[in-house]
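What follows is the residue order along each chain.
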Amino acid sequence: MMKEEIGSSVLENVYKAEERLKNVVVKTPLALNNNLSAVYDANISFKREDLQRVRSYKIRGAYNKMATMSQEDLGRGLVCASAGNHAQGVAFACQTMKVRGTIFMPLPTPGQKLEQVKMFGGSYIDVVLHGDTFDEAKDAAMRFCNENDGIFIHPFDDPAIIEGQATVGLEILEQSKEPVDYLFVPIGGGGLAAGVCSVFQELSPQTKIIGVEPSAAASMKKALEKGRPVLLEKISRFVDGAAVQQVGNLTFELCKDVLYDMATVDEGLVCETILSLYNKDAIVVEPAGALSVAALERYKDEIKGKNVVCVISGSNNDITRMEEIKEKALLHAGLKHYFLVRFPQRPGALKTFVIDVLGPDDDITFFEYTQKNSKEKGIAVVGIALRHNEDFTPLIHNMKKYDFFVNYLNNDPSLMNLLI
């Protein structure tokens, strides 16, 4: 598909989408964030799509797509695949428009998103869990469509979906009192980015649009490097709202010449950002919703004194993930460390470790030890939380000095996956 397939006038179609959506979506706030504005000496505003009716912008594209379909097509049964947020948008639209839908979601989808989909869709939708990734769920959904003559509602690579998401861009420009110098947009499949790129290219071409992806699922970055969408063989599912193995053909065409830059963000930094937004601003975001804010540090010199908008794309975060989020944040900050520790099998060994090895602010947060009767020394896995980064060097020094040190585990991904 080429850019022209979105319509003869992108902007005209987006305005039509805005009219269709005016009684369906919330015109979410564009709110100045005083904390980050002070940190970066810039005017940092958040476009709060986390406050949308389904707690993400995805309702815009899903409803707009379905509103443009004929009654005959709607009656055939709608099918979609989603990691969560698109599914909620489709489910909401199905119940609102009284049409049937079947929604395919990956097996690891957070429970909170699954329950929200069922709540928004009610009796009008069926949920099918399939595969480990969005792309596997999408393949199953496409097969189901072919077998049942259904209509597939693509999460991003569809003109009507893109035009619906583009209304986020219209609202930003309507709400901003000053010209927008930088716009940070999260990217999964690229529907939101394609939409805002289309709007800003026409109405605010001087704005520098920066797409932000998780570093372990950087499909748009790879596509830009290769000059075409390519399938990533392996991605991390942690940032589930942006964990897409291949961006869309149409979204790529709309983004490739308009994006000013692409930024990738490590999962640990995403987690730090989630916790910071909650602790400092009482804003709850999902991992994908934190991407745009997490990228600010990389551009701190460039955005100084500028008007900056970050799209907060969603807040569908499962409370059961918070321990993992906290752990990843501490690891990224260098404040949580795991070791193999050698303990002599004699009374007082642990006391020596606590008194002579640990610093005054160090804390043991994980300890797993099995005594071996036939050995003089036993091996334990020990997790230690530090208050300051600089406490790490003396900790290692003391472990080796008192012959407790065996191995440092943080740099071994396979072992860390067992611990986190």
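Residues numbered from 1 in each chain as written. Predicted model: local features only at pLDDT ≥ 70, side-chain atom pairs only at ≥ 80, totals over all residues. Heavy atoms only, no water.

Another point: the packing of helix H3 (residues 58-67) against helix H8 (residues 159-175). For the pair H3 and H8, the least separation of the axes is 7 Å and the interaxial angle reads 135°. When the axis of H3 is compared with that of H8, the two are oblique. The way H3 lies across H8 gives a crossing that is right-handed. Facing Lys58, Arg60, Gly61, Ala62, Asn64 and Lys65 of H3, the residues of H8 in contact are Ala160, Ile161, Glu163, Gly164, Gln165, Thr167, Val168 and Glu171. Here the residues of the contact of H3 with H8 are counted per class, giving 4 nonpolar, 5 polar and 5 charged. (Axes fitted to C-alpha atoms, helices over the stretch in contact; angles between N-to-C directions. Helix = DSSP H or I, 4+ residues; strand = E, 2+ residues; numbered from the N terminus. Parallel < 35°, antiparallel > 145°, perpendicular 65-115°, else oblique. Left-handed = near helix turned anticlockwise from the far one by under 90°. Contact = heavy atoms within 4.5 Å. Nonpolar A, V, L, I, M, F, W, Y, C, P; charged D, E, K, R; others polar.)

Taken in spatial order, the 6 strands line up as S1-S2-S10-S7-S8-S9 in an open sheet, and their pairing is mixed. The sheet is open, and its two borders are formed by strand S1 (30-32) and strand S9 (261-265), each paired with just one other strand. Adjacent strand axes in the sheet meet at a mean angle of 25° when their direction is disregarded. By the bridge criterion, 5 bridges tie strand S7 (residues 182-186) to strand S8 (residues 208-214) in an arrangement that is parallel. By the bridge assignment, leucine 183 is partnered in S8 with isoleucine 209. Sitting on the sheet, helix H10 (residues 219-226) touches S8 and S9, and the angle it makes with S9 is about 140°. (Pairing = 2+ DSSP bridges.)

All right, on to the nonpolar core then. Judged by nonpolar contacts, the single largest core of 34 residues is most densely connected at Ile44, Phe46, Phe184, Leu291, Val293, Leu296 and Ile303. Counting residues per element, this core draws most heavily on helix H12 (residues 267-281), at 4 residues. The residues touching leucine 296, leaving out its near neighbours within four places in the chain, are Leu36, Tyr40, Ile44, Phe184, Ile303, Val308 and Cys310. Within the second largest apolar cluster, 33 residues are counted, among which are Ala166, Leu183, Ala194 and Val309. (Core = buried A, V, L, I, M, F, W, Y, C linked by side-chain atoms within 4.5 Å. Buried < 20%, exposed > 50% of the residue type's maximum accessible area, 1.4 Å probe, protein only.)

Running from N to C, helix H5 (residues 85-97) and helix H6 (residues 111-121) point in directions that differ by 15°, and their axes come no closer than 7 Å. Comparing the axis directions of H5 and H6 gives the class roughly parallel. Pair H5 / H6 crosses with right-handed handedness. The residues of H6 that touch H5, namely those facing Asn85, Ala87, Gln88, Ala91, Phe92 and Gln95, are Lys113, Gln116, Val117, Met119, Phe120 and Gly121. Looking at side-chain class alone, the contact of H5 with H6 contains 6 nonpolar, 5 polar and 1 charged residues.

For any part of a model where pLDDT is low, the fine detail of the predicted coordinates should not be relied upon. Here the protein chain averages 92 in pLDDT, and 95% of its residues register 70 or above. Long-range and interchain partners of residues 1-8, a stretch whose pLDDT sits below 50, account for 17 contacts in this model, where long-range means more than four residues apart. (pLDDT = per-residue confidence, 0-100.)

This brings us to the state of the cysteines. Applying the stated criterion to the full structure yields 0 disulfides. Counting only cysteine sulfurs, cysteine 80 is the nearest neighbor of cysteine 94, a cysteine outside any disulfide, at a range of 7.6 Å. Overall, cysteine 94 belongs to the buried group, its relative accessible area being 0%. Unpaired in this structure, cysteine 310 has its nearest cysteine sulfur neighbour in cysteine 197, at a distance of 15 Å. Classification of cysteine 310 by relative accessible area gives buried; the value is 0%. (Disulfide = S-S within 2.5 Å.)

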